[in-house]
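Working through the structure, step by step
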Amino acid sequence: MQKIRLAPIISALVIGAALQVLFIFPDIKDTPNKAVIEFATAYFKVDKSMGNRLCDERKTVNGTDVVEEYIQIKTKEARDRGLSMFYLKDKLYNIRTESAKRDKSSVEIRLTAEVKPPLKSFFTNEDYRQIDEIIKVINDNGKWKVCGRLFSLPGN
């Protein structure tokens, strides 16, 4: 009698574990859309990790590390306004990507999203802004990297 009650629970746990493993694999795969979303998220958070998704030709412009320069600009802007960096970090909402153009070695991804300051907007009533960008993505040894004109990153 006890075994009959446990069978559905054990079956549900086994099926749930199998589905978890099944759903992890698509998330691990690197895609152009994933590269664009990871870069944009890090860019608006003013996070150094955006450099992980930049192609080599965009990482340095005229011998200057573009990511470091961008972070210094944002830090100076915050300091000049009397704020900490926390208040200049934004978050993306309602992110959508679609392939705009594709050739052998690159893809152009259209990124649309709402950019909002997460906590600042609550206190200051700042409204969100829309972004609609086309971002070129290249396959660099099996990893997708963003290239071309990227928001207001230095060197554009």
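Just so you know, these numbers come straight off a predicted model, no measurement behind them. (Residues numbered from 1 in each chain as written. Predicted model: local features only at pLDDT ≥ 70, side-chain atom pairs only at ≥ 80, totals over all residues. Heavy atoms only, no water.)

Another point: the nonpolar core. With 29 residues, the main nonpolar core has F39, I131, V146 and F151 as its most contacted residues. Looking at this core, the elements that each hand over two or more residues are α2 (32–44), α4 (66–80), β4 (106–116), β5 (129–140) and β6 (143–147). Per-element tally for this core: the top contributor is α2, with seven residues. (Core = buried A, V, L, I, M, F, W, Y, C linked by side-chain atoms within 4.5 Å. Buried < 20%, exposed > 50% of the residue type's maximum accessible area, 1.4 Å probe, protein only. Helix = DSSP H or I, 4+ residues; strand = E, 2+ residues; numbered from the N terminus.)

As a further point, take the confidence of the model for the chain. Taken over all residues, the pLDDT of the chain has a mean of 83, while the share at 70 or more is 87%. The secondary structure element of the chain with the lowest average pLDDT is helix α5 (residues 120–124), at 59, and the one with the highest is α2, at 92. (pLDDT = per-residue confidence, 0-100.)

Together, L6, I9, I10, L13 and V14 make up an exposed nonpolar region whose accessible area comes to about 490 Å². Tracing the sequence through the fold places L13 in helix α1 (residues 2–28). Here L13 falls in the exposed class, since its relative accessible area comes to 61%. (Patch = residues over 30% accessible without salt bridge, like charges linked within 9 Å, V, L, I, M, F, W, Y side chains within 5 Å. Areas by Shrake-Rupley, 256 points an atom, 1.4 Å probe, with all protein chains shown as cover. Salt bridge = Lys/Arg side-chain N within 4 Å of Asp/Glu carboxyl O.)

With that settled, consider the environment of L111. Positionally, L111 belongs in strand β4. Along the chain, L111 and R96 lie 15 residues apart, while their C-alpha atoms are 5.8 Å from each other. Among all residues touching L111, those that are not within four sequence positions of it are V36, A40, I95, R96, T97, I131, D132, E133, I135 and F151. (Contact = heavy atoms within 4.5 Å.)

Moving on, we come to the sheet that holds strand β3 (residues 91–102). On the basis of which strands lie adjacent, the open sheet formed by four strands has the order β3-β4-β5-β6 and antiparallel pairing. With partners counted over all chains shown, the strands left at the sheet margins are β3 and β6, one partner each. Taking each pair of neighbouring strands and ignoring which way they run, the sheet shows an average axis angle of 35°. By the bridge criterion, 10 bridges tie β4 to β5 in an arrangement that is antiparallel. Of the residues in β5, the one forming a bridge with E114 is Q130. (Pairing = 2+ DSSP bridges. Axes fitted to C-alpha atoms, helices over the stretch in contact; angles between N-to-C directions.)

In this section: the pairing of β4. Relative to β4, β3 runs antiparallel, the two being bridged by nine bridges. Bridging from a neighbouring strand, S99 pairs with I109 of β4. Counted along the chain from β3 to the antiparallel partner β4, the turn is three residues long.

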